[in-house]
Every structure is written in structure tokens, then in C-alpha cells.
Amino acid sequence: MKHMILAKFKPEVANKAALLEPIRVLFSAADQIPGVRGAAVYPCCVQRNNRYDVLIVLDMDREALPMYDDSEMHHAWKARYGSLLEKKAIFDCDM
């Protein structure tokens, strides 16, 4: 399945583009979690107030979701970036 995280940074986050590479580095360890094959990080290519800023797509087995939720990587994502987010949406689908 694809586990997708769509995130919008708070307006006061000055240099959103500078956050993308550290986010990529963080999620580059996704394949270390059993059942997770990898992750891709996509920045938004249109700058408008009503757009989200980044899409993170993890490719994983459905059964791997609890291991991802409990992973150090997931906890680091929430600890480092949670306070910078205005909102986020999570979507899971089979592709």
C-alpha cells in the first residue's frame, strides 16, 4: 500500500524549502523498517496559500503500518516537524 502524508507548514515558517532535504534524509531510512520498501518526498510546485507544502509517500505492506507508527523515524518526524505544521492529512491506499 501507499501511506501518504500531506503536510502544510505554518505561515511563520520562513524557509520551507530548506526543510525538504532534512525531511528527505529522515525518510531515507524508511526501508529499515520491516515491510517498508521506501519513501519519496515531493515538494509542492505551486506556491499558493491554499496549497500544502510537501507530500511524503511510503511504500509498505499494510501489516507494516504498526511498525512504522512505532518506529524511531516516525517519532522523529513528529518531534522535529509536528510543531511546524499548520495541518496534515494522512491517506492510505492500495496501488
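This report concerns the structure included in the present document. (Residues numbered from 1 in each chain as written. Predicted model: local features only at pLDDT ≥ 70, side-chain atom pairs only at ≥ 80, totals over all residues. Heavy atoms only, no water.)

1. Here's the deal with the nonpolar core
Cut-off, in case you're wondering: Side-chain atoms within 4.5 Å link the members of a nonpolar core, which is a set of buried Ala, Val, Leu, Ile, Met, Phe, Trp, Tyr and Cys residues. With a 1.4 Å probe rolled over the protein chains alone, any residue whose accessible area is under 20% of its type maximum counts as buried; one over 50% counts as exposed, and the rest are partly exposed. By definition, any uninterrupted DSSP run of H or I lasting at least four residues is a helix, any uninterrupted run of E lasting at least two residues is a strand, and each is numbered from the N terminus.
In this structure, Ile23, Phe27, Ile56, Leu58, Tyr68, Met73 and Trp77 are the most contacted members of the largest nonpolar core, which totals 25 residues. The element best represented in this core is helix α1 (residues 17-27), accounting for five residues.

2. Considerations on the pattern of salt bridges
This is how it is decided: Within this document, salt bridges are pairs made up of a side-chain nitrogen of Lys or Arg and a carboxyl oxygen of Asp or Glu, the two lying within 4 Å of each other.
Taken as a whole and judged by the stated rule, the model has five salt bridges. The salt bridge partner of aspartate 61 is arginine 37, with a shortest N-O separation of 2.7 Å. Placement of aspartate 61 in the loop between β3 (54-60) and α2 (65-69) and of arginine 37 in strand β2 (residues 36-43) is noted, with a sequence separation of 24 residues between them. Of the residues examined, aspartate 61 reaches a relative accessible area of 33% and is grouped as partly exposed. Residue classification places arginine 37 among the partly exposed positions, given a relative accessible area of 45%. Between arginine 62 and aspartate 94 there is a salt bridge, with the nearest N and O atoms lying 2.5 Å from each other. Residue arginine 62 is found in the loop between β3 and α2, and its partner aspartate 94 is found in the segment after β4 (85-93); the two are separated by 32 residues along the sequence.

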